[in-house]
Amino acid sequence: MFTYPHHNKRFRHSLFGGTGRRIVIALAVLTAAMLWASPGFSQSRIKDIVDFEGVRDNMLVGYGLVVGLNGTGDGLNSAIFTRESLVGMLQRLGVNADDDALDTNNVAAVMVTATLPPFSRQGARIDVNASALGDASSLLGGTLLVTPLVGADGEIYAVAQGTLAVGGFSAQGAAETVIKGVPTSARIANGAIVEREINFRMEDLQTVKITLRNPDFTTARRVSRAINAFVGLETTRVLDPGTVEMDIPETYNGRVVEMITDIEQLRVEPDQIARVVIDEQSGVIVMGENVRINQVAIAQGSLTIRITETPQVSQPQPFSNTGTTQTVDRTNIEIDEGGDQRLTVLNTGVSLQEVVNGLNALGIGPRDMITILQAIKYAGALQADIEVM
C-alpha cells in the first residue's frame, strides 16, 4: 500500500493545489450535475403528498348581524329572522324595542364562516367570511357585531367582530344597474379571536397515522419503505392504500414534532393509476403519462347538413284578372360527408404523446376527441380509467 510521506509538505501542496484543485472542483461540479439530472429530483417530498394525524383544520360557523349599511340591508317585513334577531339584541342591551314599530334597512343577517388552523392558541386571530342571509343588496360599509363561532361539537371556539371588507359593488340608476363582483359577501381579516383550544398533544402519541392525499398501494409502500430506511427500523406498516401507521421509535420518544420534521423531507416517487379526466363543458382533456392504448384503428368523419331557404315571388301573367302575387318557398339541402376522411392506426402500448399525435393527425378538436376516447374505452383498447367531471 502506498502512503504519502507526512513530512513531504511540498508534495501534499502540489497534490491538492493548482491543477489538482481544479480537478477536485471539476469532479464536484460533475457530481452535482449528475445528481441534478438523476430521477431523484423528480420525486416529491413526503410532506407534499400526505397529511399527518391531528394536523388538520376545523370549520367554524356562526350567525350574526351587520349594522351600518347605507340602506342596502334586509327588509324587516320580508326577512323575519332579521327582525327577531334585531329585537332580541336590543332587549339584551336594555332597549325595549317595539316589534311593530321597527322600520330600518340598515341591518342585515349574515352567516359567518371561518377555518380554525391546527394548534391555534387562545388569543390568536383568524380571518372570517360573512355572507348575506336575507335580501340585502350589499354589505358595503357594514360592521359585524359580536358573533360566536361554533364547531361541529356545538362548542364556541372563536368570537368574530369588525368592519367588513367587500370586494364588489353595485350602482343603480333609473334605467340601469351595474354590479361588479359579489357585494353580498365580505371578509374581515383577523376578524375573530380564538377562545377555545383543541385538546390535542402530539408528544403524547405512541403511533402516528400518515394519510395519503391520493390513496395508492404503491405510493403507500414507497412511503413506508422510505421511512423505515431513514429510521433504520421496521417502524411502519401499510394499513390500506391511504394510510401508513408508524410506531414512534425510542429515539423520538417525546419528540414527535422533530420526527415528523425529519421524515416529511424524505423524497418518494408517487405512483398513479392510468386515468383520463374529461370536462365535457369546457372540452378539457387531461391524460396521465401511464395511459396506454392497444392496437386500434380510428376514423373520424364529419357529416354536415346545410339547409338554405330562398323564398321566391310568383306573379301572374300580365293583364291577368284571376292571378295573384304569392311567395313560394324554395328549400336547398346540401349534404357534406367530409371528403378528407383518414384512418389512423394506433399500435399496441403507445405512449401519451403518441396518443395525442395520432388523434391530432385526424384533425379533430377536443369535443370529438372526447367521443373518440370514450369509444376506444368501450372497445376495450384504452387501458385507463375515464373520469368525466
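In this text, all values refer to a predicted model and were calculated from it rather than measured experimentally. (Residues numbered from 1 in each chain as written. Predicted model: local features only at pLDDT ≥ 70, side-chain atom pairs only at ≥ 80, totals over all residues. Heavy atoms only, no water.)

**Thoughts on the layout of surface pockets**
There is about 500 Å³ of room inside the largest pocket. Of all the secondary structure elements, the ones that give two or more residues to the lining of the largest pocket are α4 (217–231), β16 (275–279) and β17 (284–287). Tallied by class, the residues present in the lining of the largest pocket amount to eight nonpolar, six polar and seven charged. Within this model, the second largest pocket holds a volume of roughly 190 Å³. In terms of lining, the second largest pocket is formed by 14 residues, of which the most central are Gly-54, Arg-56, Asn-58, Ile-198 and Phe-200. Of the residues belonging to the lining of the second largest pocket, the class tally is seven nonpolar, three polar and four charged. (1 Å grid on protein atoms, 1.4 Å probe; cavity = no way out; pocket = protein on both sides within 12 Å on 5 of 7 lines; lining within 4 Å. Points joined across faces, edges and corners; volume = space filled by probe spheres on them. Helix = DSSP H or I, 4+ residues; strand = E, 2+ residues; numbered from the N terminus. Nonpolar A, V, L, I, M, F, W, Y, C, P; charged D, E, K, R; others polar.)

**Overview of the environment of Gln-326**
Here Gln-326 shows up in strand β22 (residues 326–328). Assessed through its relative accessible area of 49%, Gln-326 is described here as partly exposed. C-alpha separation for the pair Gln-326 and Gln-315, spaced 11 residues apart in sequence, amounts to 6.6 Å. The contact partners of Gln-326, leaving out residues within four places of it in the chain, are Gln-312, Val-313 and Ser-314. (Buried < 20%, exposed > 50% of the residue type's maximum accessible area, 1.4 Å probe, protein only. Contact = heavy atoms within 4.5 Å.)

**Topic: α4**
A rise of 1.5 Å per residue sets the reference length of α4, with its 15 residues, at 21 Å; its end C-alpha atoms lie 21 Å apart and thus fit the reference within 8%. Burial in α4 covers these residues: Thr-219, Ala-220, Val-223, Ser-224, Ala-226, Ile-227 and Asn-228. Looking at the buried residues of α4, the elements they touch are β12 (207–212), β13 (236–240), β14 (243–247), α5 (256–263) and β15 (267–268). The positive-phi residue at the C-terminal boundary of α4 is Gly-232, with phi of around 85°. (Expected span 1.5 Å × (residues − 1).)

**Examining a nonpolar patch on the surface**
A cluster of nonpolar residues, Val-61, Tyr-63, Phe-81, Met-111 and Leu-133, forms a patch on the protein surface that exposes about 380 Å² of accessible area. Topologically, Val-61 is positioned in strand β3 (residues 58–67). The class of Val-61 is partly exposed, set by a relative accessible area of 35%. (Patch = residues over 30% accessible without salt bridge, like charges linked within 9 Å, V, L, I, M, F, W, Y side chains within 5 Å. Areas by Shrake-Rupley, 256 points an atom, 1.4 Å probe, with all protein chains shown as cover. Salt bridge = Lys/Arg side-chain N within 4 Å of Asp/Glu carboxyl O.)

**Things to note about the side chain of Asn-228**
Mapped onto the elements of the fold, Asn-228 is located in helix α4. On the basis of relative accessible area, Asn-228 is assigned to the buried category, the value being 9%.

**Regarding the pairing of strand β11 (residues 185–194)**
As paired elements, strand β5 (residues 125–132) and β11 share six bridges and run antiparallel to each other. Note on β11: the bridge partner recorded for Ala-130 is Ala-186. Pairing of strand β7 (residues 156–163) with β11, which is carried by three bridges, proceeds in the antiparallel orientation. By the bridge assignment, Ala-158 is partnered in β11 with Val-194. In terms of strand pairing, strand β8 (residues 165–166) meets β11 through two bridges, oriented antiparallel. Note on β11: the bridge partner recorded for Ala-165 is Arg-187. (Pairing = 2+ DSSP bridges.)

**Focus: the side chain of Asp-74**
For Asp-74, the location among the structural elements is in the loop between β3 and α3 (80–92). One buried charge, Asp-74, has no salt-bridge partner; the nearest side chain with opposite charge is Arg-83, at 11 Å. Separated by 2.8 Å, the side chains of Asp-74 and Thr-82 make a polar contact. Within the structure, Asp-74 has its side chain in polar contact with the backbone nitrogen of Asp-135 (distance 3.2 Å). Once residues lying within four places of it in the same chain are set aside, the contact partners of Asp-74 are Ala-79, Thr-82, Thr-104, Asn-105, Val-107, Ala-108, Ala-109, Gly-134, Asp-135 and Ala-136. (Lys, Arg positive; Asp, Glu negative; His and termini not counted. Polar contact = N/O pair within 3.5 Å; in protein donor to acceptor, adjacent residues only side chain to side chain.)

Treat this as a map of the structure, not an account of what it does.
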